[in-house]
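# Results of the structural survey
So the chains spell out like this:
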Amino acid sequence: MSYHRFVVLGDSCAEGLDDPYPDQRAYRGWADFVAARLAQDEPGFRYANLAVRGRRLDQIVPEQVPAATRLEPDLVALFGGGNDVMSRGWDARTVARRVDAAIRACTEISPVVVTFTLSDISHRMPLGHRMRPRIVALNDAIREAAVSYGALLIDLWPDQAVTDSRYFGADRLHLSAHGHRRLAAYVLNLLGLEPDPAWLAPLTGAATENSRRADLHWLLHEVLPVAVTRTRNRMIGRQPGDGFFPKRPDLLPMTRDEAWAPGNA
């Protein structure tokens, strides 16, 4: 099956953090890789990415779904929920309703919808075990909604790549270039397309193990700045993601610079 209009919704994970293009002009990520591969089979293919970093599911639905509806997609990918997990005032039932609403809305505007659970990143950070029950609850809601509305599901929870730090960026949350290629391969396989075999091949060598020194560096340079920013935002009534815009709000063809090729860097 070929696709003509691919639209991506979600948060920073859908935008492509932490996988910048070589010229640093924008983030690339798994969705760009998938789009470039889909474009190979369809000359009239167009791709839009409406994701905005920092957004929760209850923001994604009213902000991104109407824009996606106007684009009349025949393939939608939704990657969201991470910001709900990390938000204050967590409530599993509230987030489950958000998940249900988001996946239902996507299936109402596109015949094919791909969605994702979160991987178990809780062990990648000190005190991460406190986050694990939230991720489990979110993933349960995503699995249930995917079955209810007929969405295709990529379940990242059992993926053992999560134990290798090289698949993640410096913040230990967002995927690195290796991680985005791996996720792109999962999406392409799900759609019945052949990805670059290297994207799923085991990385050579050994990953760097976390240490107290590395944990301290992470806390000072990754966690603390985010905590300060979130505190300031709450004081002034600013929501995460305010001031950011989708990197690709219109359906556009893939350019030569975005072309997919085995081993594309």
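Each chain carries its own residue numbering, running from 1 in the written order of its sequence. Per-residue local features of the predicted model are confined to residues with pLDDT of at least 70, and side-chain atom pairs are confined, for both listing and counting, to 80 or more; whole-chain, interface and lining totals are unaffected and use all residues. Working from all heavy atoms in the structure, the side-chain values ignore hydrogens and water.

Moving on, we come to the layout of surface pockets. Here a cavity denotes grid points, spaced 1 Å and computed from the protein atoms alone, that fit a 1.4 Å probe unable to get out, and a pocket denotes an open set having protein on both sides within 12 Å along at least 5 of 7 lines; residues with an atom within 4 Å of a point are the lining. Grid points are joined across faces, edges and corners, and a volume is the space filled by probe spheres set on the points. Taken as a whole, the second largest pocket holds about 170 Å³ of empty space. Considering the residues around the second largest pocket, the lining is formed by Arg 124, Ser 165, Phe 168, Gly 169, Ala 170, Arg 172, Thr 208, Glu 209, Asn 210, Ser 211 and Ala 214. When the residues that make up the lining of the second largest pocket are grouped by side-chain class, the tally is three nonpolar, five polar and three charged. For this scheme, ten residues count as nonpolar: Ala, Val, Leu, Ile, Met, Phe, Trp, Tyr, Cys and Pro. Four count as charged, namely Asp, Glu, Lys and Arg, and the remainder, Gly too, count as polar.

Nonpolar cores were defined as sets of buried Ala, Val, Leu, Ile, Met, Phe, Trp, Tyr and Cys residues, with membership established by side-chain atoms within 4.5 Å. Each residue is placed in one exposure class: buried if its accessible area under a 1.4 Å probe, protein chains only, is under 20% of its type's maximum, exposed if it is over 50%, and partly exposed if it falls in between. Grouped together as the largest cluster of nonpolar side chains are 66 residues, with contacts concentrated most on Phe 6, Leu 9, Trp 30, Leu 38, Val 99 and Phe 116. Not counting the four nearest positions on each side in its chain, Leu 9 is found in contact with Ala 14, Ala 51, Ile 60, Gln 64, Val 65, Ala 68, Val 76, Ala 77, Leu 78, Phe 79 and Cys 106. In what follows, residue pairs with any heavy atoms lying within 4.5 Å of each other are defined as contacts.

What follows deals with the packing of helix α3 (residues 57–70) against helix α5 (residues 92–109). Two quantities define a packed helix pair, namely the angle between the axes and the distance from one axis to the other. α5 packs onto α3 with a crossing angle of 5° between their chain directions and a minimal axis gap of 9 Å. With respect to α5, the axis of α3 lies roughly parallel. Of the residues in α5, those in contact with Leu 57, Asp 58, Val 61, Val 65, Ala 68 and Thr 69 of α3 are Arg 98, Val 99, Ala 101, Ala 102, Ala 105 and Ile 109. Here the residues of the contact of α3 with α5 are counted per class, giving nine nonpolar, one polar and two charged. Angles run from 0 to 180 degrees between N-to-C directions of axes, and those axes are lines fitted to C-alpha atoms, restricted for helices to the stretch in contact. Helix and strand definitions here come from DSSP, where helices need a minimum of 4 consecutive H or I residues and strands a minimum of 2 consecutive E residues; each element is numbered from the N-terminal end. These descriptions rest on fixed angle ranges, namely under 35 degrees for roughly parallel, over 145 for roughly antiparallel, 65 to 115 for roughly perpendicular, and the rest for oblique.

Here we come to the packing of aromatic side chains. The description of an aromatic ring pair rests on the distance of the ring centres and on the angle between the ring planes. Centres within 6.5 Å make a pair out of two Phe, Tyr or Trp rings, where for Trp the six-membered ring is used; the pair is then stacked when the planes are under 30 degrees apart, edge-to-face when over 60, and tilted otherwise. Per the stated rule, a full pass over the model turns up five aromatic pairs. As a reminder, the over-ring test applies to NZ of lysine and CZ of arginine, requiring each to be within 6 Å of the ring centre and within 35 degrees of the ring normal. Across from the ring centre of Tyr 21, 5.2 Å away, lies the NZ or CZ of Arg 28, which sits over that ring. The ring of Tyr 167 has Arg 182 lying over it, and the distance from NZ or CZ to the ring centre is 5.3 Å.

Another point: a nonpolar patch on the surface. The grouping of Leu 216, Leu 220, Leu 224 and Val 228 at the surface amounts to a nonpolar patch, some 360 Å² of accessible area in total. Along the chain, Leu 224 falls in helix α8 (residues 212–236). In this structure Leu 224 comes out as partly exposed when scored by relative accessible area, which is 46%. The patches reported here contain residues having more than 30% relative accessible area and no salt bridge. Joining distances are 9 Å for like charges and 5 Å for nonpolar side chains (Val, Leu, Ile, Met, Phe, Trp, Tyr). Note on areas: these come from Shrake-Rupley sampling with a 1.4 Å probe, and a residue is covered only by the protein chains present in the view. Here, a salt bridge means any side-chain nitrogen of Lys or Arg that lies within 4 Å of a carboxyl oxygen of Asp or Glu.

With that settled, consider the sheet that holds strand β2 (residues 46–49). Any two strands between which DSSP finds at least two bridges are classified as paired. Overall, mixed pairing links the six strands, which are arranged β5-β4-β3-β1-β2-β6 in an open sheet. Only two strands of the sheet have a single partner each, and these edge strands are β5 (152–154) and β6 (248–252). For this sheet the average axis-to-axis angle between neighbouring strands, irrespective of direction, equals 15°. Pairing geometry for strand β3 (residues 75–79) and strand β4 (residues 113–116), over three bridges, is parallel. When the sheet's bridge partners are listed, Ala 77 is paired in β4 with Val 114. Helix α2 (residues 29–41) rests against β1 (5–10), β2, β3 and β4 of the sheet, and its axis sits at about 170° to β1.

All told, the structure shown has 17 salt bridges when counted by the stated rule. For Arg 25, the salt bridge is made with Asp 23, and the minimal N-O distance between the two is 3.2 Å. Residue class for Arg 25 comes out partly exposed when judged on its relative accessible area of 45%. Between Asp 84 and Arg 98 there is a salt bridge, with its nearest N and O atoms 2.7 Å apart. One end of the pair, Asp 84, is in helix α4 (residues 82–85); the other, Arg 98, is in helix α5, and 14 residues separate them in sequence. With relative accessibility at 21%, the residue Arg 98 sits in the partly exposed group. Put simply, Arg 56, Asp 58, Asp 84 and Arg 98 are held in one network by salt bridges that share partners.

Mean pLDDT over the protein chain stands at 90; residues scoring 70 or higher make up 97%. Overall, residues 260–265 carries pLDDT values under 50, and its contacts beyond four positions in sequence, including any with other chains, amount to 16 contacts. Per-residue confidence from the predictor is given as pLDDT, running between 0 and 100.

So, on to the environment of Glu 72. In this structure, Glu 72 sits in the loop between α3 and β3. With relative accessibility at 55%, the residue Glu 72 sits in the exposed group. With 37 residues separating them along the chain, Glu 72 and Ile 109 place their C-alpha atoms 7.0 Å apart.

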